[in-house]
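Report on the structure
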Amino acid sequence: TQLLEQSPQFLSIQEGENLTVYCNSSSVFSSLQWYRQEPGEGPVLLVTVVTGGEVKKLKRLTFQFGDARKDSSLHITAAQPGDTGLYLCAVANAGGTSYGKLTFGQGTILTVHP
Amino acid sequence: NAGVTQTPKFQVLKTGQSMTLQCAQDMNHEYMSWYRQDPGMGLRLIHYSVGAGITDQGEVPNGYNVSRSTTEDFPLRLLSAAPSQTSVYFCASGQGAGELFFGEGSRLTVL
């Protein structure tokens with residue numbers, strides 16, 4: 001069983017639509033991260049959420065950490081083709097310090113059509 | 001402004017061959033790690049290091065060796081390549097609470 005379950009695995013939408021990606025677990029985490037990966041490149045950190053119930057915004061992207069710190073969501077408003085990519089959630093295994101050890105969800109492949 | 005540099009970007013091996021994937025970072029980060037990425041499985045940790053001279057196993061270490069003689073370099077060695085090691089490999093470095101900086105990846109095919 002995966003520590004982190006992401007859904008949906010694939011998402012294909014039209015430009016201008018809204019979408020939400022979920023990252024769920026039965027474990028409690030001190031923090032959770034979202035990364036975005038474009039084809040042929042490595043993942044790039046979008047945000048780290050730390051406090052239960054925390055909401056962070058990055059332009060049209062809204063990230064929320066669940067109250068119980070077991071799950072998180074990523075909401076994109078008015079998606080654009082430039083949002084196309086693989087979205088990954090990740091958690092550190094050892095308290096708040098990763099020591100380079102992150103566990104990743106399976107990822108959500110988002111395609112935004114013009 | 002190099003960040004994390006991986007070489008080679010592409011490699012084809014025959015079963016049983018050995019090779020080393022190179023990784024170098026210029027950000028003076030303490031932590032370095034190697035992940036492999038396979039379709040539908042996200043990234044899985046192979047080995048990691050918390051500093052020069054210190055390494056440890058991750059989730060999928062079998063068939064791979066690492067060493068960390070300097071802060072900057074963290075090579076990954078495949079001892080006897082198998083088709084199951086066909087994957088995209090990412091090296092990452094970081095310091096502090098969680099953020100990792102990734103290289104562009106090395107795509108390995110084992111025939």
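Residues numbered from 1 in each chain as written. Chains lettered and ligands numbered in written order. Predicted model: local features only at pLDDT ≥ 70, side-chain atom pairs only at ≥ 80, totals over all residues. Heavy atoms only, no water.

**Side note on the packing of aromatic side chains**
In plain terms, the rule: Side-chain rings of Phe, Tyr and Trp (the six-membered ring for Trp) are treated as a pair once their centres are within 6.5 Å; stacked means planes under 30 degrees apart, edge-to-face means over 60, and tilted covers the remaining angles. A run of H or I in DSSP counts as a helix once it spans at least four residues, and a run of E counts as a strand once it spans at least two, with each numbered from the N terminus. Type-normalised accessible area, obtained with a 1.4 Å probe on protein chains alone, sets the label of each residue: buried when under 20%, exposed when over 50%, and partly exposed for intermediate values.
Counted by the stated rule, this structure contains seven aromatic pairs over all chains. Between A:Phe104 and B:Phe102, the aromatic rings sit 6.2 Å apart at their centres with planes inclined by 70°, giving edge-to-face as the arrangement. Here A:Phe104, found in strand E10 (residues 102–104), pairs with B:Phe102, found in strand E10 (residues 100–102), and the two come from separate chains. Residue classification places A:Phe104 among the buried positions, given a relative accessible area of 2%. Residue B:Phe102 is classed as buried on the basis of its relative accessible area, which comes to 12%. In textbook terms, an aromatic cluster arises when at least three aromatic residues are bridged by ring pairs, as seen for A:Tyr35, A:Phe104, B:Tyr35, B:Phe90 and B:Phe102.

**Concerning the sheet that holds strand E7 (residues 64–66) of chain B**
Working definition: the strands of a sheet are paired by backbone hydrogen bonds and lie parallel or antiparallel to each other. Residues and elements named next belong to chain B. Heads up, the condition is: Here, a strand pair is defined by DSSP locating no fewer than two bridges between the strands. Structural elements are reduced to axes, namely lines fitted to C-alpha atoms, with helices fitted over the stretch in contact, and the angle between N-to-C directions of any two is expressed from 0 to 180 degrees.
Sheet architecture is open: four strands sit in the order E1-E3-E8-E7, paired in antiparallel fashion. Looking at which strands have only one partner, the edges of the open sheet turn out to be strand E1 (4–7) and E7. On average, adjacent strands in this sheet sit at an angle of 20° to one another, irrespective of strand direction. As paired strands, E7 and strand E8 (residues 76–78) are joined by three bridges and run antiparallel to one another. Bridged to Asn 65 within E8 is Arg 77.

**Description of the interface of chain B and chain A**
What counts is decided by this rule: Between two residues, a contact is recorded if the distance between any of their heavy atoms is within 4.5 Å. Here the quantity called buried area is the accessible surface, traced with a 1.4 Å probe, that two parts lose on coming together, added over both. Salt bridges are identified by distance alone: a Lys or Arg side-chain nitrogen within 4 Å of an Asp or Glu carboxyl oxygen. Pairs of N or O atoms within 3.5 Å make up the polar contacts considered here, provided that, within protein, one atom can donate a hydrogen while the other can accept it, and that residues adjacent in sequence are counted only when both atoms are side-chain atoms. Following the grouping adopted for this structure description, the nonpolar residues are Ala, Val, Leu, Ile, Met, Phe, Trp, Tyr, Cys and Pro, the charged ones are Asp, Glu, Lys and Arg, and the polar ones are all others, Gly among them.
Each partner contributes to the interface: chain B provides 21 residues, whereas chain A provides 21 residues. Summing the contributions of chain B and of chain A, the shared interface buries around 1,700 Å²; its carbon and sulfur component is 57%. The interface formed by chain B and chain A includes zero salt bridges. Along the contact surface separating chain B from chain A lie five residue pairs in polar contact (both at pLDDT 80 or more). Elements with a minimum of two residues in the side of chain B that touches chain A: strand E4 (31–37), strand E5 (43–51) and E10 of chain B. Looking at the side of chain B that touches chain A, the element that brings in the most residues is E5(B), giving five residues. Counted by class, the side of chain B that touches chain A contains 11 nonpolar, eight polar and two charged residues.

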